[in-house]
Amino acid sequence: MFDREAYNRRVQWFQEARFGMFIHWGLYAIPARGEWVRSVEQMPEEEYLPFFEEFDPVDYDPRKWARAAREAGMKYAVLTAKHHDGFCLFDSALTDFKATNTKAGRDLVREYLDAFRAEGLKVGLYYSIIDWHHPDYPHYGDQNHPMRNSEAEKAVEKERDFDRYLAYMHGQVKELCTNYGKLDVMWFDFSYGEMTGEKWRATELVNMIRSYQPDVIIDNRLEVSGTGFGSLATDDPSPYSGDFVSPEQIIPPQGLKTESGGDLVWEACITMNDNWGYCAKDKHFKPASTIIKKLVECVSKNGNMLLNVGPDAKGNIPKESLQILKEIGDWMGKNGNSIYGCKGSSLPKPENGRVTQNGNKLYYHVMENAIGSVPLYGISRDQVKCVRLLSDGS
Ligand code: GLC
C-alpha cells in the first residue's frame, strides 16, 4: 500500500529546491557526438573501446562544477554514474569497464559526491538500467542496442542470461547505495517496450534501495521513459512507481496531475543545447533568459527543472554552459525567493507572464511588456498588502 505520509515527507526538500544540475559525462565525450553515439551509429564495441584506453580527464575538478552549480542557484545535482554505454564512473567491484581502470585512475563519482556535498548541494546519481556493454543485455532485435541488427550477435542471442545481467545491475545499485554515503536522488533511465517494471525485478530493487537509503527519492523510469507518467499518476502507485515524473525536453503544457486530479511531483530535465553528452559541434545553446522563463514556468506548474551540462573529455564544462549558468545565477541571486519553496498559484495565468506563490506571497513574473498598467486578475485590491519589485525591494 502506498504510504502517502512518508512520501510527502520524502519529497518535501525536492519540491522546495526546484532547480538542479544534470551532468552527463563519460567516454562518449571523446567522440563528442552525444551520449547515444554507439547506438545511433551502430558502433561495434571494438570501435568504442579505444575511448576507454584513451580517457584521461586531466582537468576534472568537481569542486569547480559544484561552485558553478551553487552560484547558478542550483540546490541539487545528478551525475551519470553509468550511462547506456555501460562505462562506470565509479569503482565498481563488478566490472573492469570503469574509470578507475582508465588513465583517470580515480573514482569520479566519489569525488563528485564529496565536492557537491561540500558546496551544500543535495546529491543524486543517474544509473542506466540499459547496458550496451554487458554481454547478457539483449543485443539483436533490441530497440536501442548498437548491435540490434547484427547477424553475428543474432547467432549468440540465445546464450545471453538476462538474470545474470539483473544480478549485475542490482549489485551495482547496491554498491552505489552502500559505498557512497547518503544519496538524495536515484535517477534511473529508462524503461521501454517489455523492458519495464518486474522485467528489471523493480520491486526487489526499490526495496533494496530503500533499505539502505530510506530518504532517497527515485524517478519514474523503472516503469517508463521520459515520455510517460507511470503508475505514480494513478491513485494506486506500484512499489516501483518512483517519487517523481520525469518529463524530458518538455515543460508539461498544463502541468501534471494524478488521474483523480491530485498534485503530482515532477521534474523536467532539459539540455542547454540539444545534447545530454558533450557534442562538440552542437552550439545551439538556449539563452539564459529562455531557461529562466522556463524555470519560472516549471515552478508555476508545481514542477522542478533539472538543467543539464555535458562536460568535455578533459573534464571541463563547456564555456557556453558556464556563461549561461552565470547569467542564471545573477538572476537567481536577486529573484530566488520567487523560485525556492514556491509552487503555482490558484490565480488564472496572467496575460503578461506567470505567477509563483509561497504562502501569502505572490510573485508575478512579468515576461511581456504592457502598455499602461500590468493587469493581474483573480485578486481584489483590498487583498493586496503591498507590491514590491523583488530584485531591488522598491
Ligand atoms: C534519454 C536518453 C539519455 C539521457 C536521458 C536524460 O533517456 O536516452 O541519453 O540520459 O534521456 O533524461
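The structure presented is a predicted model; accordingly, all values stated were derived computationally and were not measured. (Residues numbered from 1 in each chain as written. Predicted model: local features only at pLDDT ≥ 70, side-chain atom pairs only at ≥ 80, totals over all residues. Heavy atoms only, no water.)

Time to look at the overall build of the protein. Helix and strand content of the protein: 10 helices and 10 strands. Taken over the C-alpha trace, the protein has a radius of gyration of 22 Å; the compact-globule value for 394 residues is 21 Å, and the two agree within 12%. Oriented by its inertia axes, the alpha-carbon framework of the protein measures out at about 75 × 45 × 35 Å. For the protein, with 394 residues in total, the buried portion stands at 57%. Pairs at least 24 apart in sequence give 69% of the contacts found in the protein among residues at least 6 apart. When the accessible surface of the protein is split by element, carbon and sulfur atoms take 50% of a total near 17,300 Å². (Helix = DSSP H or I, 4+ residues; strand = E, 2+ residues; numbered from the N terminus. Rg over C-alpha atoms; globule rule 2.2 N^0.38 Å. Buried < 20%, exposed > 50% of the residue type's maximum accessible area, 1.4 Å probe, protein only. Contact = heavy atoms within 4.5 Å. Areas by Shrake-Rupley, 256 points an atom, 1.4 Å probe, with all protein chains shown as cover.)

The next subject is unusual backbone geometry. Between Asp189 and the following residue, Phe190, the backbone shows a cis peptide bond with an omega angle of -20°. Here Phe190 shows up in the loop between β4 (185-189) and α8 (202-212). The backbone of Arg18 shows a phi angle near 65°, a positive value even though the residue is not glycine. The residue Arg18 is located in the loop between α1 (4-17) and β1 (19-23) in this model. Residue class for Arg18 comes out buried when judged on its relative accessible area of 2%. Here Gln249, not a glycine, exhibits a phi torsion of approximately 55°, which is positive. By the secondary structure assignment, Gln249 is in the loop between β5 (217-218) and β6 (266-270).

On to the pattern of salt bridges, then. Within the structure shown, the criterion is met by 27 salt bridges. With its nearest N and O atoms 2.4 Å apart, the salt bridge here joins Glu119 to Arg70. Taken together, the residues Glu119 in the loop between α5 (108-118) and β3 (122-128) and Arg70 in helix α4 (residues 62-71) connect sequence positions 49 residues apart. Residue Glu119 is classed as buried on the basis of its relative accessible area of 19%. As a salt-bridge pair, Asp131 and Lys82 come within 2.8 Å of each other at their nearest N and O atoms. Pair noted here: Asp131 is in the loop between β3 and α6 (151-156) and Lys82 is in strand β2 (residues 76-82), with a separation of 49 residues, a long-range link. Each member of the pair Asp131 and Lys82 is classed as buried. Salt bridges sharing common partners tie together Lys294, Glu297, Lys301 and Arg354. (Salt bridge = Lys/Arg side-chain N within 4 Å of Asp/Glu carboxyl O.)

Our next topic: the packing of helix α9 (residues 288-300) against helix α10 (residues 319-335). Running from N to C, α9 and α10 cross one another at 50°; their axes reach a closest spacing of 9 Å. Compared by their axis directions, α9 and α10 come out oblique. Relative to α10, α9 is oriented so that their crossing is right-handed. For the pair formed by α9 and α10, the contact residues are Ala288, Ile291, Ile292, Leu295 and Val296 on the first element and Ile324, Glu327, Ile328, Trp331 and Met332 on the second. Broken down by class, the residue content of the contact of α9 with α10 amounts to 9 nonpolar, no polar and 1 charged. (Axes fitted to C-alpha atoms, helices over the stretch in contact; angles between N-to-C directions. Parallel < 35°, antiparallel > 145°, perpendicular 65-115°, else oblique. Left-handed = near helix turned anticlockwise from the far one by under 90°. Nonpolar A, V, L, I, M, F, W, Y, C, P; charged D, E, K, R; others polar.)

Let us now look at the sheet that holds strand β8 (residues 343-344). The strand order across the open sheet formed by 3 strands is β8-β9-β10, and the pairing between neighbours is antiparallel. Edge strands, defined here as strands with exactly one partner in the open sheet, are β8 and β10 (361-366). Here strand β9 (residues 353-358) runs beside β10; their pairing, made up of 6 bridges, is antiparallel. Within the sheet, the bridge partner assigned to Asn358 lies in β10 and is Lys361. Most of the contacts of α9 go to β9, to which it runs at about 55°, and overall it touches β8, β9 and β10. (Pairing = 2+ DSSP bridges.)

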